[in-house]
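This is what each chain is made of:
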Amino acid sequence: MAEDSSRAFVKDVKRIVIKVGTAVVTRNDGRLALGRLGALCEQIKELNSQGYEIILVSSGAVGLGRQRLRYRRLVNSSFADLQKPQVELDGKACAAVGQNSLMALYDTLFSELDISSAQLLVTDSDFRDRDFRKQLNETVKSLLSLKVIPIFNENDAVSTRKAPYEDSSGIFWDNDSLAALLALELKADLLVLLSDVEGLYSGPPSDPKSKLIHTYVKEKHQGEITFGDKSRVGRGGMTAKVKAAVNAAYAGIPVVITSGSAPENIIRVLQGQRIGTLFHQDAHLWEPTKEVGAREMAVAARDSSRRLQALSPQERKKILLDIADALEANEKLITVENEADVAAAQQAGYEKSLISRLALKPGKIASLAKSIRVLANMEDPIGRVSKKTQLADGLILEKTSSPLGVLLIVFESRPDALVQIASLAIRSGNGLLLKGGKEAKRSNAILHKVITEAIPDIVGGKVIGLVTSRDEIPDLLKLDDVIDLVIPRGSNKLVSQIKSSTKIPVLGHADGICHVYVDKSANMDMAKRVVLDAKIDYPAACNAMETLLVHKDLVTNGALNELIVDLRIQGVTLYGGPRASLLLNIPQARSFHHEYNSMECTVEIVDDVAAAIDHIHHHGSAHTDCIITEDQETAEIFLHQVDSAAVFHNASTRFCDGARFGLGAEVGISTSRIHARGPVGVEGLLTTRWILKGSGQVVDGDKGVTYTHKDIPINS
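Residues numbered from 1 in each chain as written. Predicted model: local features only at pLDDT ≥ 70, side-chain atom pairs only at ≥ 80, totals over all residues. Heavy atoms only, no water.

Here's the deal with empty space enclosed by the protein
(1) Moving on: Tallied over the full model, the rule gives two cavities of 30 Å³ or more.
(2) Moving on: Its boundaries defined by the atoms lining it, the largest cavity holds a volume of some 40 Å³.
(3) Moving on: Lining of the largest cavity is provided by Leu368, Ser371, Ile372, Val419, Gln420, Ser423 and Ala665.
(4) Moving on: For the lining of the largest cavity, the per-class residue count stands at four nonpolar, three polar and no charged.
(5) Moving on: Roughly 30 Å³ of volume is contained in the second largest cavity.
(6) Moving on: For the second largest cavity, the full set of lining residues is Val24, Leu40, Gln43, Leu194, Ser259, Gly260, Ala262 and Asn265.
(7) Moving on: Looking at side-chain class alone, the lining of the second largest cavity contains four nonpolar, four polar and no charged residues. (1 Å grid on protein atoms, 1.4 Å probe; cavity = no way out; pocket = protein on both sides within 12 Å on 5 of 7 lines; lining within 4 Å. Points joined across faces, edges and corners; volume = space filled by probe spheres on them. Nonpolar A, V, L, I, M, F, W, Y, C, P; charged D, E, K, R; others polar.)

Quick look at the pairing of strand β2 (residues 53-58)
(1) Moving on: Among the six residues in β2, six count as buried, and that is most of the element.
(2) Moving on: Here six bridges tie strand β1 (residues 15-20) to β2, and the two strands are oriented parallel to one another. Within β2, the position partnered with Arg15 by the bridge is Glu53.
(3) Moving on: Across two bridges, the pairing between β2 and strand β4 (residues 149-154) is parallel. (Buried < 20%, exposed > 50% of the residue type's maximum accessible area, 1.4 Å probe, protein only. Helix = DSSP H or I, 4+ residues; strand = E, 2+ residues; numbered from the N terminus. Pairing = 2+ DSSP bridges.)

A word on the environment of Gly658
(1) Moving on: Within the secondary structure, Gly658 is located in the loop between β20 (646-649) and β21 (668-670).
(2) Moving on: Once the C-alpha coordinates of Gly658 and Asp107 are considered, the two residues, 551 residues apart in sequence, prove to be 57 Å apart.

Comments concerning unusual backbone geometry
(1) Moving on: Although it is not a glycine, Lys147 sits at a positive phi angle of roughly 60°.
(2) Moving on: Here Lys147 lies in the loop between α6 (130-145) and β4.
(3) Moving on: Residue His709 is not a glycine yet carries a positive backbone phi of 45°.
(4) Moving on: Secondary-structure assignment places His709 in strand β24 (residues 707-711).

Points about the domain arrangement of the protein
(1) Moving on: Here the protein is partitioned into domain 1 (5-61 + 97-279), domain 2 (294-384 + 400-500) and domain 3 (514-666).
(2) Moving on: One C-alpha centre belongs to domain 1, the other to domain 2; they are set 42 Å apart.
(3) Moving on: Listed as interface residues are seven residues of domain 1 and, on the opposing side, four residues of domain 2.
(4) Moving on: Between domain 1 and domain 2, a total of about 610 Å² is buried, with carbon and sulfur atoms accounting for 43% of that surface.
(5) Moving on: Taken as a group, Pro208, Lys211 and Arg274 account for 52% of the area that domain 1 buries against domain 2, more than any other trio of residues on that side.
(6) Moving on: Applying the counting rule to domain 1 against domain 2 returns one salt bridge.
(7) Moving on: The tally of links between domain 1 and domain 2 comes to two residue pairs in polar contact (both at pLDDT 80 or more).
(8) Moving on: Grouping the constituent residues of the side of domain 1 that touches domain 2 by class yields three nonpolar, one polar and three charged. (Domains from an automatic or database assignment. Contact = heavy atoms within 4.5 Å. Buried area = accessible area lost by both parts, 1.4 Å probe. Salt bridge = Lys/Arg side-chain N within 4 Å of Asp/Glu carboxyl O. Polar contact = N/O pair within 3.5 Å; in protein donor to acceptor, adjacent residues only side chain to side chain.)

This is the structure in structure tokens:
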């Protein structure tokens, strides 16, 4: 995520107090969440090695002790004892037993990471003693100088406060307020409160209308927030966290409330990423003013899409033709903005493959306009009847094509993708939200402006929304009641992040690890042409060849050497699998599952077509794979057994493209095993509706009609 100016304070952070809630330490069933706790300790180890001073405040002792004592009571009770009403266990005893378990766990986890930890138990009354506070500072200072992690907890076993702990008039009253107190007392630079949710929401996190608050502004938010239930296990919950965070923040210590379940969240906070909720005494100066929020943009796109669907096919066709004309008319303006993006990317030191995808080369605008006109002249896809059934006499059911609704497309680098996606959305009657990479900011802005200005007012330009801040994506990904499909186009990391962050269906592919297998019966002149085209026509594309598989017989007859020489003449750097690297004396590939996106590829030797198929299934990404062979039987085996979105015989992998498939354009390529695979054009952006036409029929317990369920011609 992009760095936010409000997160600039992290540059001066050295000493951090981290509070771990009971809901982070334990799972829903009350047992230890070892995975989460282990990941947390690994983060602390990394931060410790980077020179940060880490102080931990950990809840969880009472919960762990209660679980142990319940078990102990169970094994020591007679059957008759168990029939009696069970008295709730004493919380003080639970704390005493649980604290031992909690610290043993931390000691074990940190020892495995070659880190030492220390236990410091405190009570509310301790802090009334000035000498205690002085000694506390000295002890912690000494521990931190030795890179030991001090772990604090309230000494509930001997604390004089009683449940239900509702009195907040003391010096501290739960571990959240203890963490805030320690942050002040020990002069910390940052307080991180880990929760079981992503941060502070405007309402209960389970409510789909609730929004994550990135920066808490007391004057704005304190009267707007509706809190849900208290913590499922601890004493506090979000109400306690917010109170502690406000107290610490307005005393000068920045506070971030974030999820303790998400990996590396503390590290991401210290990298300046905008995650969780920030509390800061200067927050009121940073609060951005957004013209349109994520939900408003999505709702506007849905409303406009319904107006678009209501148009006639000819009216939708005219919109596309107008967009094609507008792009050509504004080509010089678009080129100027794109060249500025390319220059900025070069100055910033971006990789050549990214800059290649970013540049709108001469003729690109004309090519895009041509593709839009092809799309416009295709048969209208909306309302097409694919099945017609007579359910009963005079009762006709039709299965028809229908727009999905609102699409969210997140893409990197390629501004031409914006044009293709926008034209496909209009052709399919869908609303659209677009988020391009920051490296193409100016190109995307001008393309969006040109396209939306060509859309008539009866539909409105809001049918295509341009998301300008990456910080809005988390909010958009929560709008499963408004957005119907997310399509990420970009890196493996981007796709993985989106898939793990949303309940909205996701269509796309993470990798483009495409293979060309040259069989022993291949025509070698053809093989050379196909292999070279698949690799060098556009190496940065996801359908470029990344691995060349060669039948072992081609080693002995010299055909492999010919292929290798041709690739090297074209400037391709070669890496080998275990067999090829030894035979050809080339560096061994670090992984078969690697997408180069450049003039590099992996070569490996296989025994036969079955071995090639097995290699593809183990190391490929189910994108596009090709066999070159003159043996028809071998070709059929490959075509039917390779489980990829596109499988070719004697043709370059570069043909896997929406325009080349005759789809007009593509919104992306899907390796998901859902309704659309391979290049996704208009049809992949449609779903179905059922239209039933009758004349007053009723079910009446299935006695009202006589069912015929007869297929009838679609045109009848």
